[in-house]
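Here's the letter readout for the chains.
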Amino acid sequence: MTTAKTPPMGWNSWNKFGCNVSETLIKATADAMVSSGMRAAGYQYVNIDDCWMSHDRNAAGQLVPDPVKFPDGMKALADYVHGKKLKLGIYSSAGTQTCAGYPASLDHETTDAQSFADWGIDYLKYDNCNNENRPAIERYTAMANALKATGRPIVLSICEWGQNKPWEWGASVGGQLWRTTGDITDSFSSVLGILDQQVGLEKFSGPGAWNDPDMLEVGNGGMTDAEYRAHFSLWALLNAPLLSGNDLRTMSDATKKILMNKDVVAVDQDWGGQQGALVSGNGTTQVWAKPMSDGSVTVALLNRGPVSAMAATTTAAIGLPDTDSYRVKDLWTGKESQTDAMIRAELGVHGVSLLRIWPKSGRTLAPLTTLSVGVDEVVEKDQPFTTLGTVYNDGSTPLIRPSLTLVAPAGWKVQGSATVRTDVVQPHRGWTATWKLVPDGTGGASLDVRVDSRYFTIGGGQQSSEHVTALVAVPPPAGSVQASSLPFISTGNGWGPVERNTSNGENQPGDGLPMSIAGVKYATGIGAHAPSTVRIYLGGKCTSFSAMVGVDDETHGNGSVAFTVVGDNKSLAQSPVQRGNQAAVSLTANVTGVHIIDLQVSDGGDGNTWDHADWAVATLTCS
């Protein structure tokens, strides 16, 4: 019996609960999967991750569920989950111990597989910890054969972290899915780092054999709703297993709308002959596309950057046949429109537009239009600034009597009229309005600029709104200034938060250790984890930046990173790859006239495990 003909959908305990698993939690999660509508949306697996077992096998050499956490045992729990018309998953490792130090299945494959089958398990996540450096193919083949010998169809999820290119052999040894990377964390930097590692893997995916970029973090609180929509959209486009990792019992409405968007789930579950793939990239924006089985194409326009951006492509570029008209459906708003060829979207910070496009519209639709708002990322306190509003018409019919209205943010007022009008915006054209805003002395540390668009076209009057947020900032004070003492415009970090004056922590600000590189202690600096970007406003008032950079000693000699200083989107200085236990190196940059500086850390080219990076004594000289 073939398992996982479509990418598995369900839930896993690890991202939210770690080792805090129990029979009570699993039953309540199964209940919530039904009552929330998740089961109806296609989610079916309830997967227990690490820490479910006792620390010792029984006299027969079998794994034993922890009697405190799972007093009724796994068979009874599986019966409960099956009674909800759901399936139960479990965890082990292809090593001597699990990642949390519990007994694992290396050289116990036959015994453990039979236990899983006897209990009624439907899915096995098979990890890679404590593997004694034995060949991966050998270890995973042994478990796949043992599962097959039980006669029970059990999905085998190969969690080998992509170390030995499991996409090349996972299906042949009996796996239905295989991790392509290390663990995900609840940060957009982690999502992007994993996304980048999927490029080129699309040819290894197909029914019953799926690339797995790791579980979902949607709803766990570390990202914005826009970032979670991007995360979910891209995983769907990649035909990734959709395994939610949040607390289903307490989901917010926003989380439910993301996880249970039937149009987006349908993209994930549809096999059109190819996993979604990268089509193009332009600076901080990217275009990803996936062919669908009905001849349509789903396209994701992604903004990876820290400021709003316009992303665009064409129907030809994403593989659609040439025709005179295309129907476009926005899978997040449900709105349908028509385009001749151009596809574009205004994207907020880390935002995505997920569109499904069919050749021939089939019916009369309003033209695809895009409203763009142009505002600098940082507005200097008590200084006037300019805002642009542009409406683009990418359809076949004109926009009649369009108007653009600027809604001024609190603390600012518009010079002149807030509403600007014109007669018409013809097909394949755009129209721009410009406003000047001046401060009235009552503004706060941030502002929100909104532009409203109105026009008439097919179907009558149309309207839309777009807004952009900006930080209100002041330049650093004159003299020698520690970068860690300044406000950050934004931060992105591969694991945990960026830290001030300590090394990279785990999950909360301030939980890092004193900075130390090759035994040298540093009292000030910025602690990061690759991939990372720290963005700081200079306002053209500084002349130099310097830091001692390296891998923090808390990695015990592991890790490799490279440091780059970017000023106004231009690379100013870069370090060689730094490895654990290497002495810090001095990195300096001329930042004369630079308005925004980015302190970036990359993973050194070998993945970001243990990549704790210190910008020690990061100092700016300003006037």
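Quick summary incoming for the structure in this document. Only a predicted model underlies this, so the values are computations on that prediction, with no experimental measurement involved.

The next subject is the packing of helix α8 (residues 225–237) against helix α10 (residues 262–269). Put simply, α8 and α10 touch, their axes get as near as 7 Å, and they point 35 degrees apart. For the pair α8 and α10, contact is made by Phe-232, Ser-233, Trp-235, Ala-236 and Leu-237 and by Val-264, Val-265, Val-267 and Asp-268, respectively. When its residues are assigned to classes, the contact of α8 with α10 shows 7 nonpolar, 1 polar and 1 charged.

Proteins that are soluble and globular tend to have nonpolar side chains buried together. Judged by nonpolar contacts, the single largest core of 83 residues is most densely connected at Trp-52, Phe-116, Phe-232 and Trp-235. Broken down by element, the residue count for this core peaks at 7 residues, all from α8. If we ignore the near neighbours within four places in the chain, the residues touching Phe-116 are Trp-52, Leu-63, Ile-90, Ser-92, Ile-121, Leu-124, Leu-147 and Ile-154. Leu-486, Cys-542, Phe-563 and Ala-613 belong to the second largest nonpolar core, which has 32 residues in total.

Moving on to helix α7 (residues 188–196). Of all 9 residues in α7, 7 are buried; the element is thus mostly enclosed. All of the buried residues along α7 are Phe-188, Ser-189, Ser-190, Val-191, Leu-192, Ile-194 and Leu-195.

What follows deals with the pairing of strand β16 (residues 352–359). For β16, a buried count of 7 out of 8 residues is recorded, marking the element as mostly surrounded by other parts of the structure. Judged from the 6 bridges that link them, strand β11 (residues 297–303) and β16 form a sheet pairing that is antiparallel. Looking across to β16, one finds that Thr-298 is bridged to Arg-356. Both strand β13 (residues 326–330) and β16 contribute to a ladder of 5 bridges, which runs antiparallel. If you follow Lys-329 over to β16, its bridge partner there is Arg-356.

Glancing now at the environment of Gly-411. Along the chain, Gly-411 turns up in the loop between β20 (399–407) and β21 (412–415). By relative accessible area, which is 6% here, Gly-411 ends up buried. With 148 residues separating them in the primary sequence, Gly-411 and Gly-559 have C-alpha atoms 47 Å apart.

Let us now look at the packing of aromatic side chains. Scanning all chains against the criterion turns up 10 aromatic pairs. On the basis of an interplanar angle of 75 degrees and a centroid distance of 5.7 Å, the ring pair of Trp-210 and Trp-271 is categorised as edge-to-face. Of this pair, Trp-210 sits in strand β7 (residues 210–212) while Trp-271 sits in the loop between α10 and β9 (277–282), and the two are 61 residues apart along the sequence. Residue Trp-210 is classed as buried on the basis of its relative accessible area, which comes to 1%. By relative accessible area, which is 26% here, Trp-271 ends up partly exposed. Centre to centre, the rings of Phe-545 and Trp-615 are 6.1 Å apart; their planes meet at 70 degrees, and the pair counts as edge-to-face. Residue Phe-545 is located in strand β34 (residues 542–551), and its partner Trp-615 is located in strand β40 (residues 612–622); the two are separated by 70 residues in the primary sequence.

Bringing the environment of Leu-354 into the picture now. For Leu-354, the position within the fold is in strand β16. Considered as a pair, Leu-354 and Leu-331 are 23 residues apart in the sequence and their alpha carbons are 5.7 Å apart. If we skip the residues at most four places from it in the chain, Leu-354 touches Ser-233, Leu-237, Val-264, Thr-298, Val-299, Ala-300, Lys-329, Asp-330, Leu-331 and Trp-332.

To continue, consider the pairing of strand β17 (residues 369–374). Within β17, 5 of the 6 residues are buried, which leaves it mostly tucked inside the rest of the structure. Relative to strand β19 (residues 385–393), β17 is paired through 6 bridges, and the arrangement is antiparallel. By the bridge assignment, Thr-370 is partnered in β19 with Tyr-392.

On to the sheet that holds strand β6 (residues 177–179), then. Sheet architecture is open: 8 strands sit in the order β7-β6-β5-β4-β3-β2-β1-β8, paired in parallel fashion. Since the sheet does not close on itself, it has two edges, and those belong to β7 and β8 (242–244), each with one partner. With direction set aside, neighbouring strand axes in the sheet form an average angle of 25 degrees. When strand β4 (residues 123–127) meets strand β5 (residues 155–158), the two strands line up parallel, connected through 4 bridges. Bridged to Leu-124 within β5 is Leu-156.

The subject of this paragraph is the pattern of salt bridges. Within the structure shown, the criterion is met by 21 salt bridges. As a salt-bridge pair, Arg-152 and Asp-122 come within 2.7 Å of each other at their nearest N and O atoms. In this pair, Arg-152 is assigned in the loop between α5 (136–150) and β5 and Asp-122 in the loop between α4 (109–119) and β4, connecting sequence segments 30 residues apart. Under the relative-accessibility criterion, Arg-152 is labelled partly exposed at 27%. Residue classification places Asp-122 among the buried positions, given a relative accessible area of 9%. Linking Glu-132 and Arg-134 is a salt bridge whose minimum nitrogen-to-oxygen distance equals 4.0 Å. Given the relative accessible area of 26%, Arg-134 is considered partly exposed. In this structure, a network of salt bridges that share partners links the residues Asp-107, Glu-132, Arg-134 and Glu-138.

In this section: the state of the cysteines. Tallied over the full model, the rule gives 3 disulfides. Shown here is the disulfide that connects Cys-19 with Cys-51, its sulfur atoms set 1.8 Å apart. With a gap of 32 residues between them, Cys-19 in the loop between α1 (14–17) and α2 (23–35) and Cys-51 in the loop between β2 (45–47) and α3 (73–83) connect regions that are remote in the sequence. The disulfide bridge from Cys-99 ends at Cys-129, spanning 2.0 Å between sulfur atoms. Looking along the S-S bond of the Cys-99-Cys-129 disulfide, the torsion reads about 95 degrees, which is the right-handed sense. On the criterion of sequence distance, the pair formed by Cys-99 in the loop between β3 (87–93) and α4 and Cys-129 in the loop between β4 and α5 is long-range, its members being 30 residues apart. Looking at Cys-99, the relative accessible area reads 40%, which means it is partly exposed. In the chain, the bonded cysteines, numbered by position in the sequence, are linked as 1-2, 3-4, 5-6. We note that Cys-159 lacks a disulfide partner, and the nearest cysteine sulfur, in Cys-99, lies 7.1 Å from it.

Attention now goes to the sheet that holds strand β10 (residues 285–291). In a beta sheet, neighbouring strands are held together by backbone hydrogen bonds and run either parallel or antiparallel to one another. Strand order in the open sheet made by the 6 strands is β9-β10-β11-β16-β13-β14, with antiparallel pairing throughout. Each having just a single partner strand, β9 and β14 (336–339) make up the two edges of the open sheet. Across this sheet, the average inter-strand angle for adjacent strands is 25 degrees, counted without regard to direction.

The general pattern is negative phi for most residues beyond glycine and trans for most peptide bonds. For the bond running from Ala-530 to Pro-531, omega is -10 degrees, close enough to zero to count as cis. Along the chain, Pro-531 falls in the loop between β32 (525–529) and β33 (532–537). Phi is positive for Ala-518, close to 50 degrees, though the residue is something other than glycine. Mapping Ala-518 onto the fold places it in the loop between β30 (515–517) and β31 (520–522).

Procedures and definitions
Residues numbered from 1 in each chain as written. Predicted model: local features only at pLDDT ≥ 70, side-chain atom pairs only at ≥ 80, totals over all residues. Heavy atoms only, no water. Axes fitted to C-alpha atoms, helices over the stretch in contact; angles between N-to-C directions. Helix = DSSP H or I, 4+ residues; strand = E, 2+ residues; numbered from the N terminus. Contact = heavy atoms within 4.5 Å. Nonpolar A, V, L, I, M, F, W, Y, C, P; charged D, E, K, R; others polar. Core = buried A, V, L, I, M, F, W, Y, C linked by side-chain atoms within 4.5 Å. Buried < 20%, exposed > 50% of the residue type's maximum accessible area, 1.4 Å probe, protein only. Pairing = 2+ DSSP bridges. Phe/Tyr/Trp six-rings, centres within 6.5 Å; stacked < 30°, edge-to-face > 60°. Salt bridge = Lys/Arg side-chain N within 4 Å of Asp/Glu carboxyl O. Disulfide = S-S within 2.5 Å.

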